[in-house]
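Secondary and tertiary structure notes
Take a look at the letters that make up each chain.
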Amino acid sequence: MKNLVVVGNGMVGQRFVEAVRSRDTSGEWRITVLAEEGRPAYDRVRLSAFFDGVSPEELSLHTPDDEVDLRLGEPVVSLDRDRRVAVTGAGEYPYDALVLATGSYPFVPPIDGRDLSGVFVYRTLDDLEAIREFAKGRRTGAVIGGGLLGLEAANALRLLGLSTHVIEFAPRLMPVQVDEAGGAMLRRYVEDLDVKVHTGTATTAIRPRNDGEVHGLTLSNGEWIQADIVVVAAGVRPRDDVARAAGLAVGDRGGILVDGTCQTSDDQIFAIGECAAVDGLCYGLVAPGYAMAEVVADRLLGGQATFPGADLSTKLKLLGVDVASFGDAHGATEGCLDVTFTDPATRVYAKLVLSDDAQTLLGGVLVGDATAYPTLRASVGGPLPGPPLALLAPESEGGGTGAGIAALPGSAQVCSCNAVTKDQIIGAIHEGCTDVGAIKSCTRAGTSCGSCVPMLKQLLAVSGVQMSKALCEHFDHSRQELFEIIRVRGIRTFSQLVVEHGRGRGCDICKPAVASILAALGSGYILDGEQAALQDTNDHFLANIQKDGTYSVVPRIPGGEITPEKLIVIGEVARDFNLYTKITGGQRIDLFGARVEQLPQIWRRLVDAGFESGHAYGKALRTVKSCVGSTWCRYGVQDSVGLAVALELRYRGLRAPHKLKSAVSGCARECAEARSKDFGIIATDNGWNLYVGGNGGFRPRHADLFASDLSTEDLVRLIDRFLMFYIRTADRLQRTAAWIEAMEGGLDHLRAVIVDDSLGVCDELDAAMAQHVGAYEDEWRATIEDPERVRRFTSFVNAPDTPDPSITFEVERGQPVPALGERRPVALGLPTMGARQ
Amino acid sequence: MTDTLTQQWTMICPYNRLEPERGVAALVGGEQVAIFRTFDGSLYAIGNRDPIAGAFVMSRGIVGTRGDAPTVASPLHKQVYDLRTGECLDEPGVSVPVYNVRLRDDMIEISR
Ligand SMILES: Cc1cc2nc3c(=O)[nH]c(=O)nc-3n(C[C@H](O)[C@H](O)[C@H](O)COP(=O)(O)OP(=O)(O)OC[C@H]3O[C@@H](n4cnc5c(N)ncnc54)[C@H](O)[C@@H]3O)c2cc1C
Ligand code: SF4
Ligand code: FES
């Protein structure tokens, strides 16, 4: 095995390691990564999301890999090229090949006061954590630099509650990406957010207060700007220090000089990402860096790839404004023509740069509405995909943005982040990718910035892939469509639905889905009449089936609050029926090992003691977990238990496309883990913050902040609508997180629908929830009070008094557990032994 | 070929004890049998043991169709079985036994 040493575990370094690992099937390279930062690679492009509450863990790009020796917090201090070793403070690492992926460092102009306490840069998660810490209790902030980074930093300060200034030396904001008119439009957006913009002026000094912390800035136009915190975002410079000291060639303007194969002046050493100067040119975007990573990975494994050159197109959402620039945005090509479109009313500015014969698209700038960006960017260098104005006009005026896709040449890059062409995507579709998710995992297109996803959808559509939304072989409709059909046509039974809108007699997929829709639309007891046949066994016996065919019982314990008397009842029931007991993650108690015929007897006891169904068996609201809150906790600012109990009682029994979990924390310390829930609530001094779309499970995800400082009344109204909209529009078995992710427009769209009522459905959603709350009845009480319903609970129809002889228990840690005996599961065609030598 | 004369029929329960598109379990000579009534009123009987999970639960699965075949899905891991033949339609080579079932004077009867 040969030694491969990678210096830097940033975005590009990480992608490089993944690329080598996925190709090096014969184990040619042993990889060591030496990293300066104390945490593994994270998504620097989305760094600013940190201030929207996205946690560092969520930004992580790291996938654990035992075969890679990742050494965090261990920067390379020098290279000994004669001995071929990389030297760190902790030791020496011999290499057969070395890859430098050291990125850039923020450039801080040499002005007085740059070292004062309170002056920061904006590059790493550590920087952002320091900014957030320092900003506490301060009022004003200034950002030096009005480019992409500067505007992101300005937004961060704004979100931290500071009154914010931006100082830009050039005559307009984002001088690199947009032209004069685009810059003017952008400025108006920015100023609307109360960010003060100073262009065409330089910062001459940063001045301290008496205590040595920063006080403000003096500008070359004579102005004084008071600022308690200053962020310098004046551009970046390649990190070529270690390479320089080792005597490697560097570019005229810095950067480690490499050729088209990313090889440095030492043929054992490569440089990729922002630190590399390919033929003298450095690239400050992630896509070219990823392309370089692929080139070197390929070459190290015997391939012949070369760096194809880079697309410097960018699309950003800055302070809520879409800004995109692509190709020759500034019209630098000889004799080129501009077509511009400005609409001060909708604040849209767009410019296309065309070749002198107006036949070829060279580039362009979009500000305010970037829907046309993916199509336009992919068309650069080819014919226009439609008449210019139709392409530029905002969607409302014809929305011609989809028209061009068929006209794109196959070689056009649809996903620039990952360099995936139209041909490659069509290829993937022909090989069986039938949805965006499949295309993503097969080609990587759409996995970075996501701006190409609309194009992926269009390609699926033009390739004739019926994006199969069919629920199963019995219905061609999606769950959402079935919901609308059932609601609008007032259908009350599965039979009517399947006769009129489907075929066959259903299956284990469509029947429970339709049962859930019928239940959500308020058809009462879920086991009456034909509905009984739709439920899967859990709903049918109102309990959770376990691996041995027994069931478990979970009484509702709203908010996790329970009296000693009720605890004793649970204990007595468990003892009398010989049930295994376990505290669940949702602050309830689960009783295992009940046979069907025992269920009504158990529930008779529980109902008499005041318990009701916990719906642990249903795709329904499970639990609203809570911390102890202001009643007891010395940090609590609101009554989290009281709210949790009220919410749980309000939404109990609500049938949904998937289970629903919730939690309430009494202060920002978040002891109830509300952000891992479908809807989570965290108390603030002024009310409640609502988070939506979190879940644990296979792919954990934190909920996103949806609205802040709500009164209880407003909070409940938003949750009502959130849940009802979810129930109406989600796919079968789609948790809220996936539902929001798949929603066009995401969280912003969701906010528009349920806060601003953009679809005009809020009244209906409110009414639907009111109907649910009014009609709720406990399913278990309704069951045990009706002998007909109880009759269903027998093990054997011809021997009602015989318990199922196949169910037996053994004792483990003092409790009954299923005895495996001869019922040990058979392996599904997998050999159980002898497969491995 | 089954010889009707030597066949042993066990009386199980009245027909109306079965809900449409649901099953019940019965004990037949010490064996557990799952009996189903499909939408058109037909009766089917198969072994109650889920051969993949090893638990006696088939009678509690969801009844439906796949193509023309009347089916039941295991309530544990959702593999679908053809009620007519006992074949598992999702896992080739896996099957459950089938039993003869008939209706006499409104009573359901099973034989092996
Ligand atoms: C706020 C912000 C927003 C951005 N937005 C976009 C965007 O929208 N689109 C876009 O394309 N790009 C964007 N970028 C740029 C993008 O993040 C970079 O292009 C990308 O991160 C470059 O990857 P890299 O691996 O080359 O460098 P980095 O990600 O910077 O990684 C380099 C790593 O090497 C480490 N290192 C340096 N020297 C050593 C040493 N001697 N030994 C060990 N380790 C060392 C560094 O600590 C760092 O962790 C943005 C950047 C920022 C800061
Ligand atoms: S979240 Fe706050 S109020 Fe609740 S227990 Fe924790 S510290 Fe106390
Ligand atoms: S263009 Fe960014 S993910 Fe495809």
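This is a predicted model, so every value here is computed, not measured.

**Description of the overall build of chain B**
Assigned secondary structure in chain B consists of zero helices and nine strands. Scanning chain B from its N terminus toward the C terminus, one meets helices and strands in the order β-β-β-β-β-β-β-β-β. Expressed as a percentage of the 112 residues in chain B, the buried residues total 57%. Counted over contacts in chain B with a minimum sequence separation of 6, partners at least 24 positions apart contribute 40%. With the model as given, the accessible surface of chain B reaches about 5000 Å², and the carbon-plus-sulfur share is 50%.

**Observations concerning the overall build of chain A**
Helix and strand counts for chain A come out as 25 helices and 39 strands. The buried share of chain A, reckoned over its 837 residues, is 53%.

**Section: helix α15 (residues 510-520) of chain A**
The element α15 of chain A is largely enclosed, with a buried count of ten among its eleven residues. Buried within α15 of chain A we find Cys510, Lys511, Ala513, Val514, Ala515, Ser516, Ile517, Leu518, Ala519 and Ala520 of chain A. On its buried face, α15 of chain A sits against α13 (479-489), α14 (494-501) and α20 (712-729) of chain A together with β5 (62-66) of chain B. Of the residues trailing α15 of chain A, glycine 522 of chain A is marked for its positive phi of about 80 degrees.

**A closer look at the confidence of the model for chain A**
Looking at chain A, the pLDDT average stands at 88 and 94% of residues meet or exceed 70. Counting contacts from residues 394-403 of chain A, a segment whose pLDDT is below 50, to residues more than four positions away or on other chains yields 14 contacts.

**A short note on the packing of aromatic side chains**
Residue and element names in this part refer to chain A. On inspection of all chains with the given rule, the structure shows 14 aromatic pairs over all chains. Ring-pair connections join several aromatic residues into one group, and the members of that group are Phe541, Tyr551, Trp603, Trp780 and Phe793. For arginine 138, the ring lying beneath its charged end belongs to phenylalanine 134, and the centroid distance is 3.8 Å. In this structure, arginine 669 is placed above the aromatic ring of tyrosine 635, and the distance from its NZ or CZ to the ring centre is 3.6 Å.

**A look at the site of ligand 1**
Residues and elements named next belong to chain A. Around ligand 1 there are 29 residues in total, and Glu36, Glu37, Arg44, Arg123 and Glu274 lie nearest to it. The set of elements that each furnish at least two residues to the shell around ligand 1 consists of α1 (11-23) and α4 (148-159). Counting residues per element, the shell around ligand 1 draws most heavily on α1, which supplies three residues. Tallied by class, the residues present in the shell around ligand 1 amount to 15 nonpolar, seven polar and seven charged.

**Quick look at the site of ligand 2**
In the vicinity of ligand 2, the residues found are Cys627, Gly629, Cys633, Tyr635, Gly636, Gly666, Cys667, Arg669, Glu670 and Cys671 of chain A. For the shell around ligand 2, the class distribution of residues is five nonpolar, three polar and two charged.

**Thoughts on the sheet that holds strand β2 (residues 29-34) of chain A**
Residue and element names in this part refer to chain A. Taken in spatial order, the five strands of this open sheet run β3-β2-β1-β7-β19, and their pairing is parallel. The open sheet has two free edges, formed respectively by β3 (68-71) and β19 (269-271), since each of these has just one partner strand. Each adjacent strand pair in this sheet contributes to an overall mean axis angle of 15 degrees, direction not counted. Judged from the four bridges that link them, β2 and β3 form a sheet pairing that is parallel. The partner of leucine 34 across the bridge, within β3, is arginine 71.

**Describing the nonpolar core**
Residue and element names in this part refer to chain A. Judged by nonpolar contacts, the single largest core of 60 residues is most densely connected at Tyr651, Ile681, Leu690 and Leu750. Counting residues per element, this core draws most heavily on α20, at ten residues. If we skip the residues at most four places from it in the chain, tyrosine 651 touches Leu621, Phe679, Val716, Ile719, Asp720, Leu723, Met769 and His772. Among the nonpolar cores identified, the runner-up in size contains 50 residues, and Val20, Ala97, Leu248 and Phe307 belong to it.

**What to know about the packing of helix α10 (residues 422-430) of chain A against helix α12 (residues 453-462) of chain A**
Packed helix pairs are characterised by how far apart their axes lie and by the angle those axes make with each other. All names here are of chain A. Here α10 crosses α12 at 55 degrees, and the two axes come no closer than 10 Å. Of the possible angle classes, the one that applies to α10 and α12 is oblique. Seen from above, α10 lies across α12 with right-handed handedness. Here Lys422, Ile425, Ile426 and Ile429 of α10 come into contact with α12, specifically with Leu456, Leu459 and Leu460. Tallied by class, residues from the contact of α10 with α12 come to six nonpolar, no polar and one charged.

**Some details on the sheet that holds strand β7 (residues 80-82) of chain B**
Backbone hydrogen bonds are what pair the strands of a sheet, in a parallel or an antiparallel way. Residue and element names in this part refer to chain B. Strand order in the open sheet formed by three strands is β5-β6-β7, with antiparallel pairing between adjacent strands. Single-partner strands in this sheet number two, and they are β5 and β7. Put simply, the sheet's adjacent strands are angled 40 degrees from each other on average, direction ignored. In terms of strand pairing, strand β6 (residues 69-73) meets β7 through three bridges, oriented antiparallel.

**Digging into the packing of α10 of chain A against helix α11 (residues 436-443) of chain A**
All names here are of chain A. Axis separation between α10 and α11 bottoms out at 10 Å; the angle between their running directions is 115 degrees. Crossing geometry of α10 relative to α11 is assigned as right-handed. Two secondary-structure elements touch here, α10 through Gln424, Ile425, Ala428 and Ile429 and α11 through Ile439, Cys442 and Thr443. Taken together, the residues of the contact of α10 with α11 break down into five nonpolar, two polar and no charged.

**A closer look at the pattern of salt bridges**
All names here are of chain A. As enumerated under the stated definition, the model contains 58 salt bridges over all chains in all. Ionic pairing is found between arginine 39 and aspartate 126, a salt bridge with its closest N-O pair at 3.0 Å. Of this pair, arginine 39 sits in the loop between β2 and α2 (56-59) while aspartate 126 sits in helix α3 (residues 125-135); the two residues are 87 residues apart in sequence, bridging distant segments of the chain. For arginine 39, a relative accessible area of 23% gives the class partly exposed. Of the charged contacts, one joins glutamate 191 and arginine 187 as a salt bridge, the two residues approaching to 3.0 Å between their closest N and O atoms. Here glutamate 191 pairs with arginine 187, and both are found in helix α5 (residues 180-192), just four residues apart, close to one helical turn. Accessibility expressed as a relative area gives 27% for arginine 187, which makes it partly exposed. Taken together, the shared-partner salt bridges in this structure form one network comprising Arg138, Arg209, Asp211, Glu213 and Asp228.

**Here we look at the interface of chain A and chain B**
The interface is formed by 42 residues belonging to chain A together with 34 residues belonging to chain B. Looking at the side of chain A facing chain B, the largest losses of area belong to Arg505, Asp508 and Val797 of chain A, adding up to 21% of the total buried there. Taken together, the connections running from chain A to chain B amount to four salt bridges. The shortest N-O distance in the salt bridge between lysine 511 of chain A and glutamate 21 of chain B comes to 3.2 Å. At the junction of chain A with chain B, the criterion picks out 15 residue pairs in polar contact (both at pLDDT 80 or more). Listing elements by their share of the side of chain A that touches chain B, those giving two or more residues are α15 and α16 (537-541) of chain A. Tallying contributions element by element places α16 of chain A first for the side of chain A that touches chain B, with three residues. In the side of chain A that touches chain B, the residues fall into 16 nonpolar, 14 polar and twelve charged.

So, how was this worked out
- Residues numbered from 1 in each chain as written.
- Chains lettered and ligands numbered in written order.
- Predicted model: local features only at pLDDT ≥ 70, side-chain atom pairs only at ≥ 80, totals over all residues.
- Heavy atoms only, no water.
- Helix = DSSP H or I, 4+ residues; strand = E, 2+ residues; numbered from the N terminus.
- Buried < 20%, exposed > 50% of the residue type's maximum accessible area, 1.4 Å probe, protein only.
- Contact = heavy atoms within 4.5 Å.
- Areas by Shrake-Rupley, 256 points an atom, 1.4 Å probe, with all protein chains shown as cover.
- pLDDT = per-residue confidence, 0-100.
- Phe/Tyr/Trp six-rings, centres within 6.5 Å; stacked < 30°, edge-to-face > 60°.
- Lys NZ or Arg CZ within 6 Å of the ring centre and 35° of its normal.
- Near = heavy atom within 4 Å.
- Nonpolar A, V, L, I, M, F, W, Y, C, P; charged D, E, K, R; others polar.
- Pairing = 2+ DSSP bridges.
- Axes fitted to C-alpha atoms, helices over the stretch in contact; angles between N-to-C directions.
- Core = buried A, V, L, I, M, F, W, Y, C linked by side-chain atoms within 4.5 Å.
- Parallel < 35°, antiparallel > 145°, perpendicular 65-115°, else oblique.
- Left-handed = near helix turned anticlockwise from the far one by under 90°.
- Salt bridge = Lys/Arg side-chain N within 4 Å of Asp/Glu carboxyl O.
- Buried area = accessible area lost by both parts, 1.4 Å probe.
- Polar contact = N/O pair within 3.5 Å; in protein donor to acceptor, adjacent residues only side chain to side chain.

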